[in-house]
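# Per-entry structural report
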Amino acid sequence: MLSQKMADRINLQINREIYSAYLYLAMAAKMNELGYTGIGKWLTVQYHEEMFHAMKFVGYLQDQSAVVTFARIEAPEFKEKDVKPLFQHVLSHEQAVSASIREIMDLAIAEKDYATQTFVQWYINEQVEEEKSAAEILQSIDLVGNAGQGLFLLNTELGKRDPSVPLDFNKI
Ligand code: FEO
């Protein structure tokens with residue numbers, strides 16, 4: 001059984017994961033609008049990953065007979081229209097998410113909540129991957145350049161990201 005404090009903290013994290021999904025969906029829409037449909041696809045796959053992160057926490061609360069609560073999701077905030085600053089935003093956002101996940105681990109350790117420590121370890125590992133993906137894309141941008149043919153190539157590469165769920169709902 002979870003403490004109320006832990007249930008509240010995980011509910012907050014569910015909200016933050018859905019905000020992440022919302023942010024990436026908004027970024028995907030902007031990139032598609034600008035013609036970077038490969039980058040838009042990468043960000044759309046990321047949207048689904050974030051919803052999976054949220055749902056995994058929802059499942060955990062329910063497995064622990066804790067109540068899932070629903071708070072307002074803030075409107076996504078980003079101003080970047082250029083590809084490199086956009087991915088700098090993605091990286092800094094993921095770094096903030098990693099810090100948020102570490103807070104849950106810190107609480108689980110303080111409460112001697114061994115089940116949550118084990119559960120949240122998955123997210124600790126996942127955040128290493130999340131930060132790595134964004135950092136690698138930024139590194140690629142530095143190699144190919146944030147303009148012209150370089151961005152065209154990057155757009156093509158990112159468009160190859162394999163979705164785990166169907167992305168075109170009109171074809172279902
Ligand atoms: Fe749910 Fe991108 O971390």
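A brief look at the structure comes next.

What counts and what doesn't
Residues numbered from 1 in each chain as written. Predicted model: local features only at pLDDT ≥ 70, side-chain atom pairs only at ≥ 80, totals over all residues. Heavy atoms only, no water. Helix = DSSP H or I, 4+ residues; strand = E, 2+ residues; numbered from the N terminus. Rg over C-alpha atoms; globule rule 2.2 N^0.38 Å. Buried < 20%, exposed > 50% of the residue type's maximum accessible area, 1.4 Å probe, protein only. Contact = heavy atoms within 4.5 Å. Lys, Arg positive; Asp, Glu negative; His and termini not counted. Charge placed at Lys NZ, Arg CZ, Asp CG, Glu CD. Salt bridge = Lys/Arg side-chain N within 4 Å of Asp/Glu carboxyl O. Axes fitted to C-alpha atoms, helices over the stretch in contact; angles between N-to-C directions. Parallel < 35°, antiparallel > 145°, perpendicular 65-115°, else oblique. Left-handed = near helix turned anticlockwise from the far one by under 90°. Nonpolar A, V, L, I, M, F, W, Y, C, P; charged D, E, K, R; others polar. Phe/Tyr/Trp six-rings, centres within 6.5 Å; stacked < 30°, edge-to-face > 60°. Lys NZ or Arg CZ within 6 Å of the ring centre and 35° of its normal. Arc of directions from axis to C-beta. Polar contact = N/O pair within 3.5 Å; in protein donor to acceptor, adjacent residues only side chain to side chain.

Another aspect to go through is the overall build of the protein chain. When its secondary structure is counted, the protein chain shows five helices and zero strands. When its helices and strands are written in sequence order, the protein chain yields α-α-α-α-α. Relative to its length of 172 residues, the protein chain is compact, with a C-alpha radius of gyration of 17 Å against a globular reference of 16 Å. For the protein chain, buried positions account for 42% of its 172 residues. Put simply, of all contacts in the protein chain between residues at least 6 apart along the chain, 80% involve residues at least 24 apart. Put simply, the protein chain has 16 plus and 24 minus side-chain charges, and the middle of one group is 3 Å from the middle of the other.

Counted by the stated rule, this structure contains seven salt bridges. Note that E136 is salt-bridged to K132, the shortest N-O span being 4.0 Å. Note that E136 and K132 are positioned in helix 4 (residues 114-144) at a spacing of four residues, about one turn of the helix. What makes E136 partly exposed here is its relative accessible area of 40%.

On to the packing of helix 3 (residues 83-110) against helix 4, then. The contact between helix 3 and helix 4 brings their axes to 9 Å, and the two run at 165°. As summarised for this structure, helix 3 and helix 4 are arranged roughly antiparallel, according to the angle between their axes. For the pair helix 3 and helix 4, the crossing hand works out as left-handed. For the contact of helix 3 with helix 4, the residue count by class is 18 nonpolar, seven polar and six charged.

Turning our attention to the packing of aromatic side chains. Evaluated as defined, the whole model comprises seven aromatic pairs. Taken together, F52, F57, Y60, F119, W122 and Y123 form an aromatic cluster joined through their ring pairs. Positioned above the aromatic ring of W42, the side-chain terminus of R161 is 4.5 Å from the ring centre.

An α-helical turn contains 3.6 residues, so any two residues separated by three or four positions project in the same direction. Turning to helix 5 (residues 148-158), its buried residues number three or more, namely G150, L151, L154, N155 and L158. Down the axis of helix 5, the buried side of the element spans an arc of 135°, and every buried residue falls inside it. Turned more than 90 degrees away from the buried face of helix 5, the exposed residues are G148, Q149, F152 and L153. Buried-residue contacts for helix 5 involve helix 2 (37-63), helix 3 and helix 4.

Among all residues save glycine, negative phi is the norm, and among peptide bonds the norm is trans. A positive phi is found at S65, a non-glycine position, where the angle reads about 55°. Structurally, S65 is set in the loop between helix 2 and helix 3. Taking the relative accessible area as the measure of exposure, S65 reaches 69% and is therefore exposed. Phi is positive for K112, close to 55°, though the residue is something other than glycine. One can find K112 in the loop between helix 3 and helix 4. For K112, a relative accessible area of 58% corresponds to the exposed category.

A few words now on the environment of D168. Looking at where D168 falls in the secondary structure, it is placed in the segment after helix 5. Sequence separation between D168 and L91 is 77 residues, and the spatial gap between their C-alpha atoms is 26 Å.

In this section: the side chain of Q64. Relative to the helices and strands, Q64 resides in the loop between helix 2 and helix 3. Taking the relative accessible area as the measure of exposure, Q64 reaches 17% and is therefore buried. Among the polar contacts made by the side chain of Q64, one reaches the main-chain amide nitrogen of M1 at a distance of 3.4 Å. Setting aside anything within four residues of it in sequence, one finds Q64 in contact with M1, L2 and A115.

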